[in-house]
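Summary of structural features
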Amino acid sequence: MTNEKLCELAKEAMLRAYAPYSGFKVGAALLCEDGTVYQGCNIENAAFGPTNCAERTAFFKAVYDGRRDFVAIAVCGGKDGVITGGFPPCGVCRQVMREFCSDDFKILMMHPNGFEEVTLAELLPHSFSPSEHMGM
Ligand code: THU
């Protein structure tokens, strides 16, 4: 799986976004070690608070399937589904990544002409991790 192909799958996932309140459509494609990809979109709610980001949709689908072996995630989005620039995942999504991913987990933040690659350690330094509870 190339980074470029993973980005294409994130774009495809963005088409599934349910974002009637913000109009900001987001897609994510989460890559597992064996090449399996889980796609996710943001799912908004009239009460706003229950809104689920695209990244978490992808993670929760994968975890439900028993997956834990995550390598990378590509994320794209924009107003009305038009990608104008890259954006970093929100803090809640970073914490969900922390639960299942190692420091070198890759995050591809897509912009109109490619992507910027960062690691989870760069996005969430000094994080509260499962080791705090489980001695892992
Ligand atoms: N959103 C995501 O799906 N992922 C992020 O990393 C940032 C924000 C969604 C939540 C909401 O539906 C919309 O984008 C506007 O914040």
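Here's what I pulled together on the structure shown here. A quick note: this is a predicted structure, and the numbers were derived from the prediction, not measured. (Residues numbered from 1 in each chain as written. Predicted model: local features only at pLDDT ≥ 70, side-chain atom pairs only at ≥ 80, totals over all residues. Heavy atoms only, no water.)

**Here's the deal with the sheet that holds strand β5 (residues 114-119)**
Strand order in the open sheet made by the five strands is β2-β1-β3-β4-β5, with mixed pairing throughout. Among the strands making up the open sheet, the edge pair consists of β2 (37-41) and β5. Pairs of neighbouring strands in the sheet enclose a mean axial angle of 20°, with direction left out of account. Sheet topology note: the strand β1 (residues 24-32)/strand β3 (residues 70-79) ladder contains nine bridges and is antiparallel. By the bridge assignment for β3, Leu31 is matched with Ala72. Set on the sheet, helix α2 (residues 54-64) makes contact with β1, β2 and β3; between it and β2 the angle comes to about 140°. (Pairing = 2+ DSSP bridges. Helix = DSSP H or I, 4+ residues; strand = E, 2+ residues; numbered from the N terminus. Axes fitted to C-alpha atoms, helices over the stretch in contact; angles between N-to-C directions. Contact = heavy atoms within 4.5 Å.)

**Looking at the nonpolar core**
The nonpolar side chains of soluble globular proteins are, as a tendency, buried together. By size, the foremost hydrophobic cluster in this structure holds 23 residues, and its most contacted members are Leu30, Phe59, Phe70, Ile73, Met97, Phe105 and Ile107. Looking at this core, the elements with two or more residues in it are β1, α2, β3, α3 (91-100), β4 (106-111) and α4 (120-123). If we skip the residues at most four places from it in the chain, Phe105 touches Leu30, Phe59, Phe70, Val71, Ala72, Ile73, Met97, Val118, Thr119 and Leu120. (Core = buried A, V, L, I, M, F, W, Y, C linked by side-chain atoms within 4.5 Å. Buried < 20%, exposed > 50% of the residue type's maximum accessible area, 1.4 Å probe, protein only.)

**Concerning unusual backbone geometry**
Positive phi, normally seen in glycine, also occurs at Phe48, with a value near 65°. With respect to the secondary-structure elements, Phe48 resides in the loop between β2 and α2. You can call Phe48 exposed: its relative accessible area is 57%. In the Ramachandran plot, Asp80 falls in the positive-phi region, its phi being about 55° despite a non-glycine side chain. With respect to the element layout, Asp80 can be found in the loop between β3 and α3.

**Overview of the environment of Cys90**
Its place among the elements puts Cys90 in the loop between β3 and α3. By relative accessible area, Cys90 is classed as partly exposed at 31%. Sequence spacing of Cys90 and Gly78 is 12 residues, and the spatial spacing of their C-alpha atoms is 14 Å. When sequence neighbours within four positions are dropped, the list of residues in contact with Cys90 reads Cys53 and Arg56.

**Quick notes on the site of the ligand**
Around the ligand lies a shell formed by Ser22, Phe24, Val26, Asn42, Glu44, Thr51, Cys53, Ala54, Glu55, Phe87, Pro89 and Cys90. Between an oxygen atom of the ligand and a side-chain N or O atom of Glu44, the distance comes to 2.5 Å. Contact with the protein chains hides 78% of the accessible area of the ligand, taken as 380 Å² for the molecule alone. When contributions to the shell around the ligand are tallied by element, the ones reaching two or more residues are β1 and α2. Taken together, the residues that form the shell around the ligand break down as seven nonpolar, three polar and two charged. (Near = heavy atom within 4 Å. Polar contact = N/O pair within 3.5 Å; in protein donor to acceptor, adjacent residues only side chain to side chain. Areas by Shrake-Rupley, 256 points an atom, 1.4 Å probe, with all protein chains shown as cover. Nonpolar A, V, L, I, M, F, W, Y, C, P; charged D, E, K, R; others polar.)

**What to know about α2**
Every α-helical turn comprises 3.6 residues, leaving residues that sit three or four positions apart pointing alike. Three or more residues of α2 are buried, namely Ala54, Glu55, Arg56, Thr57, Ala58, Phe59 and Ala62. Where the residues of α2 are buried, they touch β1, β2, β3 and α3. Among the residues trailing α2, Gly66 stands out with phi positive, at a value near 90°.

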